[in-house]
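The lines below spell out each chain.
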Amino acid sequence: MPSSSTHAIPEATIELFSIHDTKGKRYLLPSPELYLKPMLGHGIDRFFHIGPAFRKNEKGPHHAPEFTILEWYRSNEDYTRLIEDCANILSVVTSAFKRASEIHNPLFLEKTKGGITYEILRIEKAFLKYAGWNPLEIEDEDRFYEDIVLKVEPALKKFKPTFLIDFPSWAASLSRIKQEDKRSCERFELYWFGMELANGFSELLDPDEQLLRFERENQKRIESGLRPIEIPDRFLSSLSRCASAAGIALGVDRLLMILTDSKSIKEVIPAL
Amino acid sequence: MYDSSDLRKGLKIIIDGQPYIITDFQFSKPGKGQALYRCKLKNMITGYTMDRTYRSGDKFEPANLDERRMQYLYNDGEGYHFMDTKTYDQVTLTEENIGDAKNFLQDNMEVDVLFFNETPISINLPNFVQLKVVKADPGVKGDTATGATKPATLETGYTIQVPLFVEEGDVLKIDTRTGQYVERVKA
């Protein structure tokens, strides 16, 4: 799997590293989905990839400009199956950790003593309770993401994995709109130990709808002073060949932070 | 102008016309959302602290601050007077400007006076100063517990906790950042 491409998925808030040679420019990929999602159209039903991802100007206790993503896809499934996958991964990792006596993390052992139980919370309910407004009724993207960080996440049970599900339809990214409630989409984020650990969804497979969203993302890039990203045509045209599927990305470094009780992502990435 | 990605601990910026220093800084960003730059800020004139969250694209005016080495002269009804020993220019700072530094100021002491747009706003003391004890009770006999202390008043009027062996007339080294006794320099 290449880590770079001449194309990238247009996303409003992600800054890209680009590399240049005499033949032109390539991006260091901020996520592997550009290459992975089209594989759904080649008859591969289930697959995963673990590898580096690059995002410029992201540096903080939970952010590093190069980090590791575990991404996987399942055909003929939706986002509920990914929630089960995550719960299973957390359980397996937790038992493996308990057998690995060379790592000692009393906090983690204490908080996972009774096994892993998780919670599913709809975005609408979480926002009405902790932020005092309903993003399914009011579209305000800046306020939405700000309140997730400043109001919702801090109110979640820190040591219980929590899946925030059914994001507003206007924050659907590459996910499918929920048929039962078109104000929302089949997208979720997993939170644990105060961090966003994974982002998954039932995949949108409609090239026209995806193109409109890419154009909107590019419009926002221009408004915030970033360069628009050329529409990845081959990615778009591959969508119509794909089987119905769900896909997810999980931050491996952040999971390691939880297991090792690290306060900063630097502690789990060598020589950052 | 600075923008959000320039924000970091120690940066000095202007907010509502006042100079602030960033005392704590945290970057956070939801995977699909805008970056948030969470700052703890301290007003460099009043010492007032506050939390602010900024977004990508926010712009900040750098605080135009400079420091000049000056000599402390005296304190009267008007305030605390300092002189530039090269140009003989004099400036006056208020008690509010001086803050806790008044506990350690001695006549003729050299300090750094901080100017914001040519107006003096505060002073930076040397990390350590030497001050004479003007009043200290004799240590209580028999109290030999390690770490035992008693109050002592310094020549500036400031009272600190000192070890029991310190007596009136001793010169002490004081850490101006913590306001605490370091050692006895001269008995």
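Residues numbered from 1 in each chain as written. Chains lettered and ligands numbered in written order. Predicted model: local features only at pLDDT ≥ 70, side-chain atom pairs only at ≥ 80, totals over all residues. Heavy atoms only, no water.

Enquirer: Break down the overall build of chain A for me, with residues and values.
Expert: For chain A, the helix and strand inventory stands at eight helices and 10 strands. Taken against the 2.2 N^0.38 rule, which gives 19 Å for 272 residues, the C-alpha radius of gyration of chain A at 19 Å falls within 12% of a compact globule. For the C-alpha atoms alone, the extent of chain A along its principal axes is close to 50 × 45 × 40 Å. Taking all 272 residues of chain A together, the buried fraction comes to 52%. Taking the contacts inside chain A whose residues are at least 6 apart along the sequence as the reference set, 66% of them involve residues at least 24 apart. Entry remark: accessible area of chain A is about 12900 Å², with carbon and sulfur atoms responsible for 52%. In chain A, which carries 37 positive and 42 negative side-chain charges, the distance between the mean positions of the two groups comes to 4 Å. (Helix = DSSP H or I, 4+ residues; strand = E, 2+ residues; numbered from the N terminus. Rg over C-alpha atoms; globule rule 2.2 N^0.38 Å. Buried < 20%, exposed > 50% of the residue type's maximum accessible area, 1.4 Å probe, protein only. Contact = heavy atoms within 4.5 Å. Areas by Shrake-Rupley, 256 points an atom, 1.4 Å probe, with all protein chains shown as cover. Lys, Arg positive; Asp, Glu negative; His and termini not counted. Charge placed at Lys NZ, Arg CZ, Asp CG, Glu CD.)

Enquirer: Residues and numbers for the sheet that holds strand β10 (residues 245-251) of chain A, please.
Expert: Residue and element names in this part refer to chain A. Here we have seven strands laid out as an open sheet, ordered β4-β5-β10-β9-β8-β7-β6, and mixed in their pairing. The open sheet has two edge strands, β4 (46-54) and β6 (119-122), and neither has a second partner. Neighbour to neighbour, the strand axes of the sheet diverge by 20° on average, direction disregarded. As paired elements, strand β7 (residues 162-165) and strand β8 (residues 187-192) share four bridges and run antiparallel to each other. Across the sheet, the residue bridging to Ile 165 is Phe 188, located in β8. Contacts between helix α4 (residues 123-130) and the sheet are confined to β6 and β7, with β6 contributing the most and set at about 75° to the helix. (Pairing = 2+ DSSP bridges. Axes fitted to C-alpha atoms, helices over the stretch in contact; angles between N-to-C directions.)

Enquirer: Quick one: what's the story with the packing of aromatic side chains, residue by residue and with numbers?
Expert: Throughout the structure, instances matching the rule amount to 21 aromatic pairs over all chains. Considering the side-chain rings of A:Phe97 and A:Phe108, the 5.0 Å spacing of their centres and the 80° angle between planes classify their relative orientation as edge-to-face. Of the two residues, A:Phe97 sits in helix α2 (residues 79-99) while A:Phe108 sits in helix α3 (residues 106-111), which places them 11 residues apart along the sequence. Centre to centre, the rings of A:Phe144 and A:Trp170 are 5.3 Å apart; their planes meet at 80°, and the pair counts as edge-to-face. Linking A:Phe144 in helix α5 (residues 141-155) with A:Trp170 in the loop between β7 and β8, this pair joins segments that are 26 residues apart in sequence. Through pairs of rings, three or more aromatic residues link up here, namely A:Phe127, A:Trp133, A:Phe144, A:Tyr145, A:Phe167 and A:Trp170. Over the ring of A:Trp133 we find A:Arg143; its NZ or CZ atom is 4.2 Å from the centre of that ring. The cationic tip of B:Lys173 hangs over the ring face of B:Phe128; the distance from NZ or CZ to the ring centre is 4.6 Å. (Phe/Tyr/Trp six-rings, centres within 6.5 Å; stacked < 30°, edge-to-face > 60°. Lys NZ or Arg CZ within 6 Å of the ring centre and 35° of its normal.)

Enquirer: Can you tell me about the packing of α4(A) against α5(A), naming the residues and giving the values?
Expert: All names here are of chain A. It is at 10 Å that the axes of α4 and α5 come closest, and there the two elements cross at 80°. Considering the angle they form, α4 stands roughly perpendicular to α5. Residues Ile 123, Ala 126, Phe 127 and Tyr 130 of α4 pack against Phe 144, Asp 147, Ile 148, Lys 151, Val 152 and Ala 155 of α5. Residues that form the contact of α4 with α5 fall into these classes: eight nonpolar, no polar and two charged. (Parallel < 35°, antiparallel > 145°, perpendicular 65-115°, else oblique. Nonpolar A, V, L, I, M, F, W, Y, C, P; charged D, E, K, R; others polar.)

Enquirer: Give me α2(A): which residues, what numbers.
Expert: An ideal rise of 1.5 Å per residue puts 30 Å on 21 residues; α2(A) measures up with 31 Å between its terminal C-alpha atoms. Among the residues making up α2(A), those that are buried are A:Tyr79, A:Leu82, A:Ile83, A:Asp85, A:Cys86, A:Ala87, A:Leu90, A:Thr94 and A:Phe97. (Expected span 1.5 Å × (residues − 1).)

Enquirer: Can you explain the interface of chain B and chain A? Please cite residues and give values.
Expert: Taken together, the contacts link 13 residues of chain B with 22 residues of chain A. At the boundary of chain B with chain A, total buried surface from both sides reaches about 1700 Å², with 55% on carbon and sulfur atoms. Its largest share of buried area at the contact with chain A, chain B owes to B:Phe27, B:Lys29 and B:Lys32, together 42% of the area lost on that side. Linking chain B with chain A are four salt bridges. The interface formed by chain B and chain A includes seven residue pairs in polar contact (both at pLDDT 80 or more). For the side of chain B that touches chain A, the elements supplying multiple residues, two or more each, are β3 (18-28), β4 (36-43) and β5 (49-55) of chain B. For the side of chain B that touches chain A, the leading source of residues is β3(B), giving three residues. When the residues that make up the side of chain B that touches chain A are grouped by side-chain class, the tally is three nonpolar, six polar and four charged. (Buried area = accessible area lost by both parts, 1.4 Å probe. Salt bridge = Lys/Arg side-chain N within 4 Å of Asp/Glu carboxyl O. Polar contact = N/O pair within 3.5 Å; in protein donor to acceptor, adjacent residues only side chain to side chain.)

Enquirer: Tell me what's going on with the pattern of salt bridges, and back it up with residues and numbers.
Expert: Residues and elements named next belong to chain A. Summed over all chains, the structure comprises 31 salt bridges over all chains. The residue Glu 186 makes a salt bridge to Arg 176 at a minimum N-O spacing of 3.0 Å. Here Arg 176 lies in the loop between β7 and β8 and Glu 186 lies in the loop between β7 and β8, a separation of 10 residues in the sequence. The class for Arg 176 is partly exposed, based on a relative accessible area of 27%.

Distances and angles like these do not, on their own, reveal function.
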